[in-house]
Amino acid sequence: MNKKKIFKLFAHCIPVKGAKRFVICDIQRNDIYFVNEELYDMLTKYKDYSLEEVKALYDNEYDVEIEQNLDYLIKHELGFYTEESDLFLEINHHWERPESITNAIIEWGKSSTYSMKSVIDQLELLGCKQIELRFYDTISSQKLIDTLRLFEDKRIRNIYLYVKYAEDINLDFYQELLLKYQRLGQINIHSCPENFRTQIEKNKFSEHIKLTCKNIVDNSHCGIVNERFFLSNQDLFFEALNFNSCLHRKISIGVDGIIKNCPSMADAYGNIKDTTLEKVLCLSEFKQHWSITKDVIHVCKDCEFRYICVDCRAYIENPTDIYSKPLKCGYNPYTTEWSEWSTNPIKQRAIEYYELKR
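What counts, and at which threshold
- Residues numbered from 1 in each chain as written.
- Predicted model: local features only at pLDDT ≥ 70, side-chain atom pairs only at ≥ 80, totals over all residues.
- Heavy atoms only, no water.
- Salt bridge = Lys/Arg side-chain N within 4 Å of Asp/Glu carboxyl O.
- Helix = DSSP H or I, 4+ residues; strand = E, 2+ residues; numbered from the N terminus.
- Buried < 20%, exposed > 50% of the residue type's maximum accessible area, 1.4 Å probe, protein only.
- Pairing = 2+ DSSP bridges.
- Axes fitted to C-alpha atoms, helices over the stretch in contact; angles between N-to-C directions.
- Parallel < 35°, antiparallel > 145°, perpendicular 65-115°, else oblique.
- Contact = heavy atoms within 4.5 Å.
- Nonpolar A, V, L, I, M, F, W, Y, C, P; charged D, E, K, R; others polar.
- Core = buried A, V, L, I, M, F, W, Y, C linked by side-chain atoms within 4.5 Å.
- Right-handed = clockwise from strand over helix to strand, strands pointing away.
- Phe/Tyr/Trp six-rings, centres within 6.5 Å; stacked < 30°, edge-to-face > 60°.
- Lys NZ or Arg CZ within 6 Å of the ring centre and 35° of its normal.

(A) Seen up close, the pattern of salt bridges. The tally for this structure, following the rule as stated, stands at 20 salt bridges. Across the pair Glu77 and Arg29 runs a salt bridge, and its minimum N-O distance is 2.8 Å. Of this pair, Glu77 sits in the loop between α3 (63-75) and β5 (79-82) while Arg29 is found in the loop between β3 (22-26) and β4 (31-35), placing the two residues 48 residues apart along the sequence. Overall, Glu77 belongs to the partly exposed group, its relative accessible area being 48%. Asp311 is the partner of Arg313 in a salt bridge, and the nearest nitrogen-oxygen pair spans 2.8 Å. The pair Arg313 / Asp311 is uniform in exposure class, with both members buried. Look at the salt bridges and you will find they share partners, linking Lys117, Asp121, Asp153 and Lys154 into a network.

(B) Expanded view of the pairing of strand β1 (residues 6-9). Side chains Ile6 and Lys8 project from β1 onto one buried face, and the interleaved Phe7 and Leu9 project onto a second face that is buried too. Pairing geometry for β1 and β5, over four bridges, is antiparallel. Bridged to Ile6 within β5 is Thr82.

(C) Local environment of the packing of helix α5 (residues 141-149) against helix α6 (residues 171-180). Look at α5 against α6: their axes get within 12 Å of each other, and the N-to-C directions meet at 10°. Viewed along their axes, α5 and α6 adopt a mutual orientation that is roughly parallel. When α5 is examined against α6, the residues Ser141, Leu144, Ile145 and Leu148 are found in contact with a partner set consisting of Phe173, Tyr174 and Leu177. Residue composition of the contact of α5 with α6, grouped by class: six nonpolar, one polar and no charged.

(D) Expanded view of the nonpolar core. Within the largest apolar cluster, 49 residues are counted, with the highest numbers of intra-cluster contacts made by Leu123, Tyr174, Leu177 and Ile189. Per-element tally for this core: the top contributor is α6, with five residues. What Tyr174 contacts, discounting residues up to four positions off in sequence, is Leu144, Val163, Lys164, Ile169, Ile187, Ile189 and Ile209. Listed in part, the 19 residues of the second largest apolar core include Trp95, Val225, Phe230 and Phe243.

(E) Molecular detail of the environment of Leu161. Turning to its location among the elements, Leu161 is positioned in strand β8 (residues 158-164). Measuring from C-alpha to C-alpha, the distance between Leu161 and Asp311 comes to 21 Å, with 150 residues separating the pair along the chain. Excluding residues that lie within four positions of it along the chain, Leu161 makes contacts with Leu133, Phe135, Leu144, Leu184, Gln186, Ile187 and Asn188.

(F) Molecular detail of unusual backbone geometry. With a phi close to 55°, Asn60 is a non-glycine residue in the positive phi region. By the element assignment, Asn60 lies in the loop between α2 (51-57) and α3.

(G) Structural view of the pairing of β8. Side chains Ile159, Leu161 and Val163 of β8 all project onto a buried face; the interleaved residues Asn158, Tyr160, Tyr162 and Lys164 project onto a face where none is buried. Where strand β7 (residues 130-135) and β8 come together, five bridges link them in parallel fashion. Within β8, the position partnered with Arg134 by the bridge is Tyr162. In terms of handedness, the path from β7 via α5 over to β8 forms a crossover that is right-handed.

(H) Main features of the packing of aromatic side chains. Within this structure, the stated rule accounts for 20 aromatic pairs. Summarising the aromatic geometry, the rings of Tyr331 and Trp338 are spaced 4.9 Å apart at their centres and angled 40° between planes, so their arrangement reads as tilted. The buried category is assigned to Tyr331, whose relative accessible area is 3%. Look at Trp338 and you get partly exposed, because its relative accessible area is 31%. Taken together, the aromatic side chains of Phe34, Phe230, Phe305, Tyr331 and Trp338 make up a single cluster linked through ring pairs. Stacked on the ring of Tyr81, the Lys or Arg Lys5 has its end atom at 4.4 Å from the ring centre. Over the ring of Tyr315 we find Lys328; its NZ or CZ atom is 4.4 Å from the centre of that ring.

(I) Fine view of helix α4 (residues 116-125). Restricting attention to buried positions, one finds in α4 the residues Met116, Val119, Ile120, Gln122, Leu123 and Glu124. Of the surrounding elements, those touching the buried residues of α4 are β6 (103-108), β7, α5, β11 (250-253) and α9 (277-281). Gly127, located one to two residues past α4, shows a positive phi value of around 85°.

(J) Inspection of the sheet that holds β3 at higher detail. The strand order β2-β3-β4 describes an open sheet built from three strands, whose pairing is antiparallel. Pairing within the sheet leaves two strands with one partner each, and these edge strands are β2 (13-17) and β4. Adjacent strand axes in the sheet meet at a mean angle of 25° when their direction is disregarded. The pairing of β2 with β3 spans five bridges and is classified as antiparallel.

Below, the structure written as structure tokens:
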């Protein structure tokens, strides 16, 4: 008996439907591919149909186009033909980690009086693996070194550093930091003069040192949605399928020691000088945003990028509706067009509400 020749996507290549466009997310190689609706249907509704059965669905009128579409997927190593389709199972979409907290944000400024060491020690006990260190005021090179030394005996894997430009610190110093502290994933230097920013363009560390001329004085600059921030990897994709892609298992400590889900959010859960992170995690209200996925957020639920995009609940288009679209997103999945979010007339009331006009 002849076996059916069926086209199968590799398990790490997952089709996603948007309002107007369709993509395949390659969560192994961090790539996305746009496909047409017919091909999307072949890969989802008709995924168990043989090639001949699919062709017959269209009365063999589009045989050439169908094969061209599948050849495109094979060329980009997204799938293959098989006569043993039952042997190839879909990847499990479940997401789980043993850590109580997976990522954290620590802010520090001239007015900060809490113990940075105590915070890092507590995050270590909670299993945290990724930390953002944000410095809004100019700090000395020695302060940076002393801060990074606090991680030397810790299991924290990734550290992202946000520092203000300082005239007496040059790029060589930041390069030495990257070489010495291997867990430093990226150094972001803000409030830079233009001539300093141009120095990094031909630098071999340009992937790990990012510069901006924007004068960043607080966390109101957070929450921007942009194609540059899309990540199509397995861990983030499956977390976004099941949980909020920004706030799930995140905790933050503000400049003043206030504990929040994210420094930009309004709800606070005590001060690190008076309570512990572990006690805050026991509060049910602290986890109220953890399960808000993109599939329940207005507009986002119709976006083809929803599982590779980081969500923001701190700044939303309608501050009275927690399921509202992120304010700082300029993408429209119904037109597939990007626009500048800050000048969109529809968003002006929310921009004023959050006092983002400066």
